[in-house]
Amino acid sequence: MSVIPYGRQDISEADIAAVVDVLRSDYLTQGPLVPRFEHEVAAFVGAKHAVAVNSATSALHVACLALGLGPGDWLWTSPVTFVASANCALYCGAQVDFVDIDPRTYNMSASALEQKLLRAETEGRLPKIVVPVHLCGQPCDMAAIHALSKRFGFSIVEDASHAVGGRYRGLPIGNCQYSDVTIFSFHPVKIITTAEGGMAMTNDDGLANRMRLFRSHGITRDVEQMTQVPDGPWYYQQIELGYNYRMTELQAALGLSQMSRLGPFVERRHHLARRYDEKLAALPLILPWQHPDSYSGLHLYVVRVPGDATRSHREVFASLREQGIGVNLHYIPVHTQPYYRNFGFKDGDFPEAEAYYAEAISLPMYATLSEEQQDTVVAALVKALG
Ligand SMILES: *Cc1c(COP(=O)(O)O)cnc(C)c1O
C-alpha cells in the first residue's frame, strides 16, 4: 500500500532542466541566479530587498542578528510552531517566551500578546523581537501586532514559512508592511521548494545589508561598509562574525523555475481545501476557519477531533496512519519540548496551544494531490471516526 503523505513537492521537467543547466554552467554557487531569484521573489511580494539563504532557520537567525538580538534580550513567538521559530533567539544568546494562540485561527493571539506586554512592561521584561507565525499559511492579525510594536517598542519578524503566495488584506505576505523582516521556507513540503532554502524579505536597506553580511562570514567587499582603508583590489574585510548560510545556484535555479508556478500551486491548494470543506462538513470535526481579511498560502489543512467525539484523537490518528494516510501533527507545542522544559516551561503554561495539540491532525495537502487521492483520505477519515 502506498502512503499518501501530508505534503510533498511538485517537480516539473522544466524544474529539472533548469537545475541541469546550472551543472553545465560556470557557477555552482555565487553566480547570477541567486540574485535573480531574490529579485523575482521581492517583485512578487512587493518588498524592497530579499536575502536568499540555505534555510528558513538561517533566515530567522540572520534576521535576529541584524536586529541586534543578544544576551539579556527576549524573543516571543507562538508555542504552536516549528522549533526553529524559537531556536533563533537561543542562537543569539537571548531568551524565549511564548504567547498563547487564538482558538479560531491557531495563530498568536493579539489580545494575549497585549496582556502579556502589559505585564512584561511592569516587570521590565519587554521583548526585543516578536515572531508571529502564519500557521497553515493564514496570516496573523498583523495590523494589531504592528500597533502593539509601536506602543511597546519591539521589532517584528514574520515567520511566513507556510505562507508564500498568500495575502493579508489584499496584499502579498512578505511585503513587510507590518514587520521589519518576513522569512520564507523552501523546504520540499512547503509551497515552493529549493530542496533546502529560505529567504528574508525587508524594506530596510540597513537590515538587508546586515543580513547579507551574516549570511556570508561577516565579510564585505563594499568599501562603504569597510572600517579600515582597503589594501588593494583583492581586499575584503570581515567586520562581523557571520556564517556560511549561502544558497547555491542549483537551489536558486529550482526556486526560479518553481516561482513561475507559485500562483497555480496556491490556487490548487485552495481548490483542494474547498473540496475538503464540502466533503468533511457533516463529520464530527472542527474544520479550518479562514479569516475574511486573508488569502492563506494553505501549506496545511488542519482538522480538530473534538475531545467529546466518539473516537479519540489518538484513535483517529492511528487509524488514518494504518489506512496509509500519512497524516501529521503540526505542532507539538514548543514549550513542552524537553529542551524548553529545561528553561522552566511546563504543561498548562499555554492552555489554548495545548488544547489544539490534543485535537489537531494535518490532512494531506499539496498541489499534486489528486481528487481521487483526496477522496481516499475522506473515506479513511469517515472510517476512522465511525
Ligand atoms: C519549515 C519551518 C521552518 C524552518 O524551515 P527550514 O527551511 O526547514 O529551515 C521554520 N518555521 C516554520 C513555521 C516552519 O514550518
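Analysis parameters
- Residues numbered from 1 in each chain as written.
- Predicted model: local features only at pLDDT ≥ 70, side-chain atom pairs only at ≥ 80, totals over all residues.
- Heavy atoms only, no water.
- UniProt positions renumbered as here; feature names shortened; annotations may be inferred.
- Helix = DSSP H or I, 4+ residues; strand = E, 2+ residues; numbered from the N terminus.
- Rg over C-alpha atoms; globule rule 2.2 N^0.38 Å.
- Buried < 20%, exposed > 50% of the residue type's maximum accessible area, 1.4 Å probe, protein only.
- Contact = heavy atoms within 4.5 Å.
- Areas by Shrake-Rupley, 256 points an atom, 1.4 Å probe, with all protein chains shown as cover.
- Lys, Arg positive; Asp, Glu negative; His and termini not counted.
- Charge placed at Lys NZ, Arg CZ, Asp CG, Glu CD.
- Pairing = 2+ DSSP bridges.
- Phe/Tyr/Trp six-rings, centres within 6.5 Å; stacked < 30°, edge-to-face > 60°.
- Near = heavy atom within 4 Å.
- Polar contact = N/O pair within 3.5 Å; in protein donor to acceptor, adjacent residues only side chain to side chain.

- As recorded by an unreviewed UniProt entry, the protein carries the name UDP-4-amino-4, 6-dideoxy-N-acetyl-beta-L-altrosamine transaminase and is attributed to Devosia elaeis.
- Recorded in UniProt for the protein, the comment headed Sequence similarities (unreviewed entry) runs: "Belongs to the DegT/DnrJ/EryC1 family."

1. A closer look at the overall build of the protein
Logical step 1: Scanning the protein for helices and strands turns up 13 helices and 16 strands.
Logical step 2: Its C-alpha radius of gyration of 21 Å places the protein within 12% of the 21 Å reference for a compact globule of 386 residues.
Logical step 3: The C-alpha extent of the protein, read off along each of the three principal axes, is 75 × 60 × 35 Å.
Logical step 4: Expressed as a percentage of its 386 residues, the buried residues of the protein come to 55%.
Logical step 5: Taking the contacts inside the protein whose residues are at least 6 apart along the sequence as the reference set, 73% of them involve residues at least 24 apart.
Logical step 6: Just so you have it, the protein exposes about 16,600 Å², and 52% of that area is on carbon and sulfur atoms.
Logical step 7: The centroid of the 32 positive side-chain charges in the protein is displaced by 2 Å from the centroid of its 41 negative side-chain charges.

2. Digging into unusual backbone geometry
Logical step 1: Cis peptide bonds are those with omega within 30 degrees of zero, and the linkage from His-330 to Tyr-331 qualifies with 5 degrees.
Logical step 2: In this fold, Tyr-331 is placed in the loop between strand E15 (325-326) and helix H11 (338-341).
Logical step 3: One non-glycine residue, Tyr-106, lies in positive phi territory at about 70 degrees.
Logical step 4: Structurally, Tyr-106 can be placed in the loop between strand E4 (95-98) and helix H5 (110-123).
Logical step 5: Note on Tyr-106: relative accessible area 5%, which makes it buried.
Logical step 6: You will see that His-217, though not glycine, has its phi angle at about 65 degrees, which is positive.
Logical step 7: Mapping His-217 onto the fold places it in the loop between helix H7 (205-215) and strand E11 (219-220).
Logical step 8: Look at His-217 and you get partly exposed, because its relative accessible area is 33%.

3. Observations regarding the sheet that holds strand E7 (residues 167-168)
Logical step 1: If you walk across this open sheet you meet the 3 strands as E8-E7-E13, and the pairing is antiparallel. Each edge of the sheet is formed by a strand with only one pairing partner; in this case those strands are strand E8 (171-172) and strand E13 (294-295).
Logical step 2: Judged from the 2 bridges that link them, E7 and E8 form a sheet pairing that is antiparallel. From the neighbouring strand, Tyr-168 faces E8, where its bridge partner is Leu-171.

4. As for the UniProt feature "modified residue: N6-(pyridoxal phosphate)lysine" (unreviewed entry) in the protein
Logical step 1: Here the UniProt-annotated "modified residue: N6-(pyridoxal phosphate)lysine" (unreviewed entry) positions come out as Lys-190.
Logical step 2: Inspection of the secondary structure assignment puts Lys-190 in the loop between strand E9 (181-185) and strand E10 (198-202).
Logical step 3: Residue classification places Lys-190 among the buried residues on the basis of a relative accessible area of 15%.
Logical step 4: Once residues lying within four places of it in the same chain are set aside, the contact partners of Lys-190 are Ser-161, His-162, Ser-185, Arg-269 and His-299.

5. Points about the packing of aromatic side chains
Logical step 1: Throughout the structure, instances matching the rule amount to 12 aromatic pairs.
Logical step 2: Where Tyr-106 meets Tyr-356, the ring centres are 4.8 Å apart and the plane angle is 50 degrees; that geometry is what we call tilted. Of this pair, Tyr-106 sits in the loop between E4 and H5 while Tyr-356 is found in helix H12 (residues 351-357), placing the two residues 250 residues apart along the sequence. Like Tyr-106, the residue Tyr-356 is buried in the burial classification.

6. Brief notes about the site of the ligand
Logical step 1: Not every one of the 15 residues close to the ligand is listed here, only the nearest: Thr-57, Asp-159, His-162, Ser-185 and Lys-190.
Logical step 2: Separating an oxygen atom of the ligand from a backbone N or O atom of Ala-56 is a distance of 2.9 Å.
Logical step 3: Residue Ser-161 places a side-chain N or O atom 3.3 Å away from a nitrogen atom belonging to the ligand.
Logical step 4: In isolation the ligand has 380 Å² of accessible area, and contact with the protein removes 93% of it.

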